[in-house]
Amino acid sequence: MITLYSMPSSGNSYKVRLLLAKLGLPFRHVAAEAGSGVTQSPEFLARNPKGKVPLLELEDGRLLSESNAILLFLGDGTRYVPQGHYTRALVHSWMFWEQNAHEPSIAVRSAILTYEDRAHLRRPDVLDPLLEQGHRALQVMETQLRETLFLAGEVLTVADLCLYGYTHSAGAKGGFDMARFPEVERWLERVEADPGHVPITWLGDW
Ligand SMILES: N[C@@H](CCC(=O)N[C@@H](CS)C(=O)NCC(=O)O)C(=O)O
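Here's a quick rundown of the structure. Only a predicted model underlies this, so the values are computations on that prediction, with no experimental measurement involved.

### Examining the site of the ligand
- The immediate surroundings of the ligand are formed by 13 residues, with Thr-39, Val-53, Glu-66, Ser-67 and Gln-99 found nearest.
- Its free accessible area being 510 Å², the ligand has 78% of it covered by the protein chains.
- Residue classes in the shell around the ligand are distributed as four nonpolar, seven polar and two charged.

### Some points on the pairing of strand S2 (residues 27-31)
- Alignment of strand S1 (residues 2-6) against S2, held across five bridges, turns out to be parallel. Considered in S2, the bridge of Thr-3 is made with Arg-28.
- Running through helix H1 (residues 11-23), the crossover from S1 to the neighbouring parallel element S2 is right-handed.

### Focus on the packing of aromatic side chains
- A complete count under the given rule lists five aromatic pairs for this structure.
- Taking the centre distance of 5.6 Å and the plane angle of 70 degrees together, the rings of Tyr-5 and Phe-44 count as edge-to-face. Taken together, the positions of Tyr-5 in strand S1 and Phe-44 in helix H2 (residues 42-47) put the pair 39 residues apart, joining distant regions of the chain.
- Accessibility expressed as a relative area gives 7% for Tyr-5, which makes it buried.
- Ring geometry for Trp-94 and Trp-97: centres 5.3 Å apart, planes at 90 degrees, overall edge-to-face.

### Considering the sheet that holds S1
- In space, the four strands of this open sheet follow the order S2-S1-S3-S4, with mixed pairing throughout. Edge positions in the sheet fall to S2 and strand S4 (63-65), since each has one partner strand and no second. This sheet shows a mean twist of 20 degrees between the axes of neighbouring strands, independent of strand direction.
- Here three bridges tie S1 to strand S3 (residues 55-57), and the two strands are oriented antiparallel to one another. Considered in S3, the bridge of Thr-3 is made with Glu-57.
- Strands in contact with H1 are S1 and S2; relative to S1, the strand with the most contacts, it is inclined by about 150 degrees.
- Of the strands in this sheet, S3 and S4 touch helix H3 (residues 67-75), which is tilted by about 125 degrees from S4.

Scoring rules and cut-offs
Residues numbered from 1 in each chain as written. Predicted model: local features only at pLDDT ≥ 70, side-chain atom pairs only at ≥ 80, totals over all residues. Heavy atoms only, no water. Near = heavy atom within 4 Å. Areas by Shrake-Rupley, 256 points an atom, 1.4 Å probe, with all protein chains shown as cover. Nonpolar A, V, L, I, M, F, W, Y, C, P; charged D, E, K, R; others polar. Pairing = 2+ DSSP bridges. Helix = DSSP H or I, 4+ residues; strand = E, 2+ residues; numbered from the N terminus. Right-handed = clockwise from strand over helix to strand, strands pointing away. Phe/Tyr/Trp six-rings, centres within 6.5 Å; stacked < 30°, edge-to-face > 60°. Buried < 20%, exposed > 50% of the residue type's maximum accessible area, 1.4 Å probe, protein only. Axes fitted to C-alpha atoms, helices over the stretch in contact; angles between N-to-C directions. Contact = heavy atoms within 4.5 Å.

Dropping the structure here:
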């Protein structure tokens with residue numbers, strides 16, 4: 001059976017759990033919650049020197065880190081990764097953008113407001129620019145979702161699961177003003193309506 005090392009409260013980890021649920025793939029879950037020290041243990045660092053989760057361990061011991069690489073690996077050959085070269089490249093484009101422009105503002109602001117060890121960062125000079133950057137990222141999604149039902153076209157792909165990871169809690173955890181982004185809100189509902197959806201609290205207990 002495959003093993004997933006993941007942080008229960010993290011969107012990057014949630015993306016992978018969400019795809020595993022949709023694929024109906026059984027897995028062993030190893031929790032690495034913030035502050036637990038799991039990711040800095042010698043055993044974990046021997047598996048992933050980056051010291052980060054999610055980390056996928058295959059039955060034969062091969063390892064794969066980076067949430068979006070894991071999504072593309074697990075989704076390959078399924079309805080979640082399109083076959084057409086251009087559409088697949090669009091999926092990659094959204095996933096690279098997520099790590100470069102969306103996660104660094106939306107996930108980071110949410111983390112500062114959630115985790116007590118980041119409470120010292122709850123200052124306007126840190127939080128205000130992140131709010132502005134996050135709203136800009138949400139506007140990029142809003143603009144796309146005025147044109148298509150999902151980010152890379154008319155069907156749900158791993159790009160949607162990837163962006164759902166942190167967007168679904170951007171208002172509640174990050175303090176972003178979601179009322180400004182009605183198409184994003186409708187897209188969140190469409191992603192949730194897709195078969196096999198599970199909440200962030202689901203850790204693989206089938
Ligand atoms: N680019 C990486 C980011 C991974 C990452 O930053 N993981 C965080 C949780 S979201 C983590 O492992 N934190 C635990 C630690 O730093 O010890 C991915 O998408 O997988």
